[in-house]
Amino acid sequence: MLDLFAEAEPWQEPLAPGATILRRFALSRAAALFDGIDAVTARSPFRHMVTPGGYTMSVAMTNCGELGWATNARGYLYAPNDPLTGQPWPPMPEVFQALCHDAAVAAGYPDFRPDACLINRYAVGAKLSLHQDKDEPDLRAPIVSVSLGLPAVFQFGGLRRNDPLKRLMLEHGDVVVWGGESRLFYHGIQPLKNGEHPVAGAFRYNLTFRQAAYKE
Ligand code: SIN
Ligand code: FE2
């Protein structure tokens, strides 16, 4: 009999050269990923970082892994310690590492070894303006981005800020991987629309895995 509640098999959609969307790839591991977020935020809570220009970001952030991304008065940097607690960022939960590895393999980046995971939390209205991920010294490594909770509109452009944008809805369990030719493509998240997710409530969570140290 057809089971309407069975989880659909993940499927892939090409996005750009070097970039792929792995639809629902994280769905079967979502509960464990939420547990991982809870474990990380118990030690390094979500906070609204202030940009060097004095702008408080609408997205709340934290990190896990050997390095974490944060702002300071001079700019953006990766560092081993959480500036809020003075302690090392919490370790990357096993389920994060395993999911990231499997997604990177599926997208054609089998050698990706992330040392940083930025965790974003979007409340209704929160957005991430168009930007490049360019604080990582080794651009041979891709970015692996996992969406959980409420859906959001992801913008994906090109190397120039005013290149035409693709707009696509990222839903609970979707994973986007970009690297190679599209590693420095501009991207962003449009303001989160109101909604209610059975587990995440009125929030969207995003995990972005990066290699933030240069490796020979
Ligand atoms: C990011 O660009 O770092 C996050 C994108 C997202 O939230 O999907
Ligand atoms: Fe980004």
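Residues numbered from 1 in each chain as written. Chains lettered and ligands numbered in written order. Predicted model: local features only at pLDDT ≥ 70, side-chain atom pairs only at ≥ 80, totals over all residues. Heavy atoms only, no water.

K.L.:
Tell me what's going on with the UniProt feature "domain: Fe2OG dioxygenase" (unreviewed entry) in the chain, and back it up with residues and numbers.
P.N.:
Per the UniProt record, the feature "domain: Fe2OG dioxygenase" (unreviewed entry) sits at residues 113-213. The distance from the first to the last C-alpha atom of residues 113-213 is 10 Å, and the span holds 0% helix and 42% strand. (UniProt positions renumbered as here; feature names shortened; annotations may be inferred. Helix = DSSP H or I, 4+ residues; strand = E, 2+ residues; numbered from the N terminus.)

K.L.:
Report on the side chain of Arg23, specifying residues and quantitative values.
P.N.:
Residue placement: Arg23 occurs in strand E2 (residues 19-23). Dropping the residues within four chain positions of it, Arg23 is found in contact with Pro10, Trp11, Glu13, Leu168, Met169, Leu170, Glu171 and Asp174. (Contact = heavy atoms within 4.5 Å.)

K.L.:
Tell me about the site of ligand 1, residues and numbers included.
P.N.:
The local shell around ligand 1 consists of Asn120, Tyr122, Leu128, His131, Ser145, His187, Ile189, Arg204, Asn206, Thr208 and Arg210. His187 has a polar side-chain atom sitting 3.0 Å from an oxygen atom of ligand 1. Contact between ligand 1 and Arg204: an oxygen atom at 2.8 Å from a side-chain N or O atom of the residue. Elements supplying a minimum of two residues to the shell around ligand 1: strand E6 (116-122), strand E7 (128-131), strand E12 (187-189) and strand E13 (204-210). It is E13 that contributes the most residues to the shell around ligand 1, four residues altogether. Residue classes in the shell around ligand 1 are distributed as three nonpolar, six polar and two charged. (Near = heavy atom within 4 Å. Polar contact = N/O pair within 3.5 Å; in protein donor to acceptor, adjacent residues only side chain to side chain. Nonpolar A, V, L, I, M, F, W, Y, C, P; charged D, E, K, R; others polar.)

K.L.:
Go over helix H1 (residues 30-43) with me, naming the residues and quoting the values.
P.N.:
Over its 14 residues, H1 runs 21 Å from end to end, which matches the ideal 20 Å to within 8%, given 1.5 Å per residue. Among the residues making up H1, those that are buried are Ala30, Leu33, Phe34, Gly36, Ile37, Val40 and Thr41. Within H1, the buried residues cover an arc of 155° as seen down the axis, which keeps them to one side. Facing away from the buried surface of H1 by more than 90 degrees, the exposed residues are Ala31, Asp35, Asp38, Ala42 and Arg43. (Expected span 1.5 Å × (residues − 1). Buried < 20%, exposed > 50% of the residue type's maximum accessible area, 1.4 Å probe, protein only. Arc of directions from axis to C-beta.)

K.L.:
Explain the pairing of strand E11 (residues 175-178) to me, using residue names and the numbers behind them.
P.N.:
Each regular strand shows side chains that alternate between the opposite faces of the sheet. Covered by surrounding structure in E11 are Val175 and Val177 together with Val176 and Trp178, the residues of both alternating faces. Looking at chain direction, E2 and E11 are connected through four bridges and run antiparallel. Within the sheet, the bridge partner assigned to Ala19 lies in E11 and is Trp178. Both strand E8 (residues 143-149) and E11 contribute to a ladder of four bridges, which runs antiparallel. If you follow Ser145 over to E11, its bridge partner there is Val176. (Pairing = 2+ DSSP bridges.)

K.L.:
I'd like to hear about the nonpolar core, residue by residue, with values.
P.N.:
Formed by 33 residues in total, the largest nonpolar core has its most connected members in Phe96 and Phe209. Listing elements by their share of this core, those giving two or more residues are H1, strand E3 (60-65), helix H2 (94-106), E6, E8, E11 and E13. Residues Leu15, Ala19, Leu128 and Ile189 belong to the second largest nonpolar core, which totals 30 residues. (Core = buried A, V, L, I, M, F, W, Y, C linked by side-chain atoms within 4.5 Å.)

K.L.:
Describe the sheet that holds strand E9 (residues 152-156), with residues and values.
P.N.:
Pairing within the open sheet is antiparallel, and its four strands lie in the order E7-E12-E9-E10. Only two strands of the sheet have a single neighbouring strand rather than two, namely E7 and strand E10 (166-170). Sheet twist, expressed as the mean angle between neighbouring strand axes with direction ignored, is 20°. The sheet contact formed by E7 and E12 spans two bridges and is antiparallel. From the neighbouring strand, Leu128 faces E12, where its bridge partner is Ile189. (Axes fitted to C-alpha atoms, helices over the stretch in contact; angles between N-to-C directions.)

K.L.:
Just give me the short version of the packing of aromatic side chains, but keep the residues and values in it.
P.N.:
The full count for this structure, using the stated rule, is nine aromatic pairs. Ring centres 6.2 Å apart and planes at 45° place the aromatic pair Phe203 and Tyr205 in the tilted group. Put simply, the rings of Phe34, Phe46, Phe203 and Tyr205 touch in pairs and so form one group of aromatic residues. The ring of Tyr122 carries the charged tip of Arg204 above its face, separated from the ring centre by 5.0 Å. (Phe/Tyr/Trp six-rings, centres within 6.5 Å; stacked < 30°, edge-to-face > 60°. Lys NZ or Arg CZ within 6 Å of the ring centre and 35° of its normal.)

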